[in-house]
Amino acid sequence: MDTESTYSGYSYYSSHSKKSHRQGDRNRERHKSPRNKDGRGSEKSVTIQAPTGEPLLANDSTRTEEVQDDNWGETTTAITGTSEHSISQEDIARISKDMEDSVGLDCKRYLGLTVVAFLGLLVFLTPVAFILLPPILWREELEPCGTICEGLFISVAFKLLILLIGTWALFFRKQRADVPRVFVFRALLLVLIFLFVISYWLFYGVRILDSRDRNYQGIVQYAVSLVDALLFIHYLAIVLLELRQLQPMFTLQVVRSTDGESRFYSLGHLSIQRAALVVLENYYKDFTIYNPNLLTASKFQTAKNMAGLKVYNVDGPSNNATGQSRAMIAAAARRRDSSHNELYYEEAEHERRVKKRRARLVVAVEEAFIHIQRLQAEEQQKAPGEVMDPREAAQAIFPSMARALQKYLRTTRQQHYHSMESILQHLAFCITNSMTPKAFLERYLSAGPTLQYDKDRWLSTQWRLVSDEAVTNGLKDGIIFVLKCLDFSLVVNVKKIPFIVLSEEFVDPKSHKFVLRLQSETSV
């Protein structure tokens, strides 16, 4: 471990200035965007914030790229790495603004929960109050009701229980995300319920409380009618909030701006913000995790090929800008003619290196799992107290595969997604469930979806929704909106599913019959 720490420190100090300079340039280029005088763009931009408790700033060390030779890490036996944070003043201002917005979103969330809880108590206590107030205020003046009222009491009790369960299942769910605008149908239903209950209270106060109505059976039936109406409103809520969006009406093409990876999703009648929420939920499980190092490597090679073009004026200072421009164009054209050959050989060399290190990794892992099988056979002969648990077994065989795995992850630029602790946990999980070496390597040989990795390595936890239309409007054919995060964006193009005309063609069963006629005479 001393050798490992010394090498890590050396890598940090030797590449610190170069990496900080490159990262500062990238930050400045990323934050250059046309703005108006008031600092706002021409597009409508709102924010979709992930649940609190997740980091807002990802690790910027993933944006650096170092060239490693084949003999790297000869003395290391575990995965290590160095990283540093380099952010600009614009990043700090953006983070401060996001924190202020998150405080406002938390206040809005708790305010919404308070309003819903108050309205729910008002709805469920109103029928009970309608039934209990007359016996409390003028019991002696009420007419006896008898068995009819008792049956109505049981009906009200069960209907309120059904309404309580349905309300809990439909409205009281764990919030998945903070959306920028209110859900229109949900808000309309809450307003409708509030106006409905208030109108019942007004009628109850004028016609029953003021006149001290003596017909108690009519009062109970009035409470029953309120409960029935609330049940019908609940059915309306199910239709508007759940059933209306089930039938697919639109196809959404989602394209990631950095590498062009795309997916298609079918949705029903939804608002733009709810469609964006569905897209993000599917993004984390369908799209492979975003790896900025794969992009910075190609940019680094392109910049290296175009570097070194200088023009010197041997005749002294003059205004001959045309000659210099022609010289630059000619040199760039000659470099461009040979750049595709360089790119071809660089890619071929990279593929060769990846295949070689993948083969080494596969052999090392298979040997380690064979060693595990031997250990399991030996442990069956030991006493129960001396048996090694999966965690200890993983720690025992990990050093034999650590160097090969580290080199492969470095070559494929995946080292920042897999820590040593996560690899040990995955190895212990595979040992516990008797998985094969191929099952263990599947996570590292190919990039998986975002949900497969730790949350602090997602690089995308807070999103901004940019749309020309209001985000509360419904989806329409041809609408394009963008979901932006710190490092990349998702461009969503909405297309309406075409109307399909399906006709039926009748085929007569007799048309398939034929007659085979054989000649009685032969050629003999």
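Nothing here was measured: the structure is a model prediction, and the numbers come from that model. (Residues numbered from 1 in each chain as written. Predicted model: local features only at pLDDT ≥ 70, side-chain atom pairs only at ≥ 80, totals over all residues. Heavy atoms only, no water.)

## Points about the packing of helix α9 (residues 390-411) against helix α11 (residues 437-445)
- Two numbers describe how α9 lies on α11: the axes approach to 11 Å, and their chain directions differ by 30 degrees. If you check the angle between α9 and α11, you find them roughly parallel. Seen from α9, the contacting residues are Met 401, Leu 405, Tyr 408 and Leu 409; seen from α11, they are Phe 440, Tyr 444 and Leu 445.
- In terms of residue class, the contact of α9 with α11 is made up of seven nonpolar, no polar and no charged. (Axes fitted to C-alpha atoms, helices over the stretch in contact; angles between N-to-C directions. Helix = DSSP H or I, 4+ residues; strand = E, 2+ residues; numbered from the N terminus. Parallel < 35°, antiparallel > 145°, perpendicular 65-115°, else oblique. Contact = heavy atoms within 4.5 Å. Nonpolar A, V, L, I, M, F, W, Y, C, P; charged D, E, K, R; others polar.)

## Notes on the pairing of strand β6 (residues 489-496)
- Judged from the seven bridges that link them, strand β2 (residues 250-256) and β6 form a sheet pairing that is antiparallel. Looking at β6, one finds that Gln 253 is bridged to Asn 493.
- Pairing analysis gives five bridges linking strand β5 (residues 480-484) to β6, with the strands arranged antiparallel. When the bridges of β6 are listed, Phe 481 appears paired with Val 492.
- Between β5 and β6, which pair antiparallel in sequence order, lie four residues. (Pairing = 2+ DSSP bridges.)

## Topic: the environment of Val 255
- Mapped onto the elements, Val 255 comes out in strand β2.
- For the pair formed by Val 255 and Asn 493, sequence separation is 238 residues and the distance between their alpha carbons is 8.5 Å.
- Among all residues touching Val 255, those that are not within four sequence positions of it are Gly 260, Glu 261, Ser 262, Ser 489, Leu 490 and Val 491.

## Digging into the nonpolar core
- Counting residues in hydrophobic clusters, the biggest one holds 29 residues, and the most contacted among them are Phe 130 and Tyr 216.
- Elements with a contribution of two residues or more to this core: α2 (89-138), α3 (147-170), α4 (184-209) and α5 (216-243).
- Of the residues forming this core, the biggest block, 11 residues, is contributed by α5.
- Those residues in contact with Tyr 216 that lie beyond four places of it in its chain are Ile 131, Pro 134, Pro 135, Leu 142, Glu 143, Cys 145, Cys 149 and Phe 153. (Core = buried A, V, L, I, M, F, W, Y, C linked by side-chain atoms within 4.5 Å. Buried < 20%, exposed > 50% of the residue type's maximum accessible area, 1.4 Å probe, protein only.)

## Quick look at the packing of aromatic side chains
- Under the counting rule described, the total for this entry stands at 20 aromatic pairs.
- Geometrically, the ring pair formed by Tyr 283 and Trp 463 is edge-to-face, given 5.8 Å between the ring centres and 75 degrees between the ring planes. Taken together, the residues Tyr 283 in helix α6 (residues 272-286) and Trp 463 in strand β4 (residues 462-467) connect sequence positions 180 residues apart.
- Under the relative-accessibility criterion, Tyr 283 is labelled buried at 1%.
- Under the relative-accessibility criterion, Trp 463 is labelled buried at 2%. (Phe/Tyr/Trp six-rings, centres within 6.5 Å; stacked < 30°, edge-to-face > 60°.)

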